[in-house]
Amino acid sequence: MADGYALDADLVVLACGVHPRVGLAQDAGLAVHKGVIVDDELRTSDPHIRAIGDCAQHDGQVYGLAAPALEQAEVLAELLARTAPAEGATGYRGTRALTRLTLASGTPLDLAAFGEHTALPGDDVIQLTDATRGTYRKVVVRDDRLVGGVLVGELGTVGALARAWEGAEPLPADGAPLLHLLTNDGGS
Ligand SMILES: Cc1cc2nc3c(=O)[nH]c(=O)nc-3n(C[C@H](O)[C@H](O)[C@H](O)COP(=O)(O)OP(=O)(O)OC[C@H]3O[C@@H](n4cnc5c(N)ncnc54)[C@H](O)[C@@H]3O)c2cc1C
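Nothing here was measured: the structure is a model prediction, and the numbers come from that model.

Q: What should I look at first to understand the sheet that holds strand S6 (residues 135–142) in this one?
A: Strand pairing in a sheet takes place through backbone hydrogen bonds and is either antiparallel or parallel in direction. Strand order in the open sheet formed by five strands is S3-S4-S7-S6-S5, and the pairing between neighbours is antiparallel. Every other strand in the sheet has two partners, leaving strand S3 (99–103) and strand S5 (124–130) as the edge strands with one partner each. Averaged over all pairs of adjacent strands, the angle between their axes in this sheet comes to 10 degrees, without regard to strand direction. Alignment of S5 against S6, held across seven bridges, turns out to be antiparallel. By the bridge assignment, Gln127 is partnered in S6 with Lys138. Sitting on the sheet, helix H3 (residues 158–167) is in contact with S3, strand S4 (109–115), S6 and strand S7 (145–152), with an inclination near 155 degrees to S7.

This is how it looks when you write it as structure tokens:
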């Protein structure tokens, strides 16, 4: 590292997020916090200017991901195309997006994260680590609902987990089906 500290690791993943450059919007007099602030109609503080994607902050959140940018683009297209105010489009309510990344250089590494993956007091956490396969899986359950998770190295179960998360249905009480969801690729 810059300070001479040697990190003993084969791979380092630096998750530092993104920070939109908001100077232009700020100079134009738009309301800006982390990003350009928009309402449910993707409208900035100037009603004639909309913002979507990496530069936009909706409901406190700057997503910095492709899926929310695309969803915002779709909603905005619908809003702009409607002919009467009451017709059709309901606006943007935020994106419940699963983040999926593939790091392709050297040994490929798959990673998926969704929802809240830091447990609050009282949450149940199921965590499986397999150093031989290079996999890590963690899910967080609050009351009887799956609220988030992280999968690294093996994403075979990501579809089933994401459906349980998106559906926000109560999980069966004995926990066994959740463990099955976490391991049904035949893993550890
Ligand atoms: C290396 C990298 C990897 C990523 N991997 C993932 C991933 O795996 N999954 C994921 O969900 N997201 C990923 N992202 C984030 C994703 O790319 C962005 O969230 C998404 O592209 C945002 O869309 P956008 O339309 O806001 O901006 P952009 O896609 O950046 O589009 C902005 C466009 O504006 C153009 N532009 C800029 N300035 C001007 C100007 N002055 N005049 C005219 N045109 C201009 C640019 O050329 C560009 O085409 C990654 C980003 C990077 C940088």
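Next comes the rest of the write-up.
Q: Help me understand the site of the ligand, please; the structure alone is not making it clear to me.
A: Contacts to the ligand come from Gly53, Asp54, Gly64, Leu65, Ala66, Ala69, Arg100 and Leu101. Note that an oxygen atom of the ligand is positioned 3.2 Å from one of the backbone N or O atoms of Leu65. One nitrogen or oxygen atom from the main chain of Ala66 is found 2.9 Å from an oxygen atom belonging to the ligand. When the ligand is considered free in solution it has 1,000 Å² of accessible area, and contact with the protein chains removes 25% of it.

Q: Got a minute to help me understand the pairing of S6 in this structure?
A: Looking along a regular strand, one sees side chains alternate from face to face of the sheet. The element S6 is largely enclosed, with a buried count of six among its eight residues. Following S5, the chain reverses through four residues before pairing antiparallel with S6; Gly134 in that reversal takes a positive phi of roughly 70 degrees. Both S6 and S7 contribute to a ladder of seven bridges, which runs antiparallel. By the bridge assignment for S7, Val139 is matched with Gly149. Counted along the chain from S6 to the antiparallel partner S7, the turn is two residues long, and its residue Asp143 has a positive phi close to 55 degrees.

Reading the values: rules and limits
- Residues numbered from 1 in each chain as written.
- Predicted model: local features only at pLDDT ≥ 70, side-chain atom pairs only at ≥ 80, totals over all residues.
- Heavy atoms only, no water.
- Pairing = 2+ DSSP bridges.
- Helix = DSSP H or I, 4+ residues; strand = E, 2+ residues; numbered from the N terminus.
- Axes fitted to C-alpha atoms, helices over the stretch in contact; angles between N-to-C directions.
- Contact = heavy atoms within 4.5 Å.
- Near = heavy atom within 4 Å.
- Polar contact = N/O pair within 3.5 Å; in protein donor to acceptor, adjacent residues only side chain to side chain.
- Areas by Shrake-Rupley, 256 points an atom, 1.4 Å probe, with all protein chains shown as cover.
- Buried < 20%, exposed > 50% of the residue type's maximum accessible area, 1.4 Å probe, protein only.

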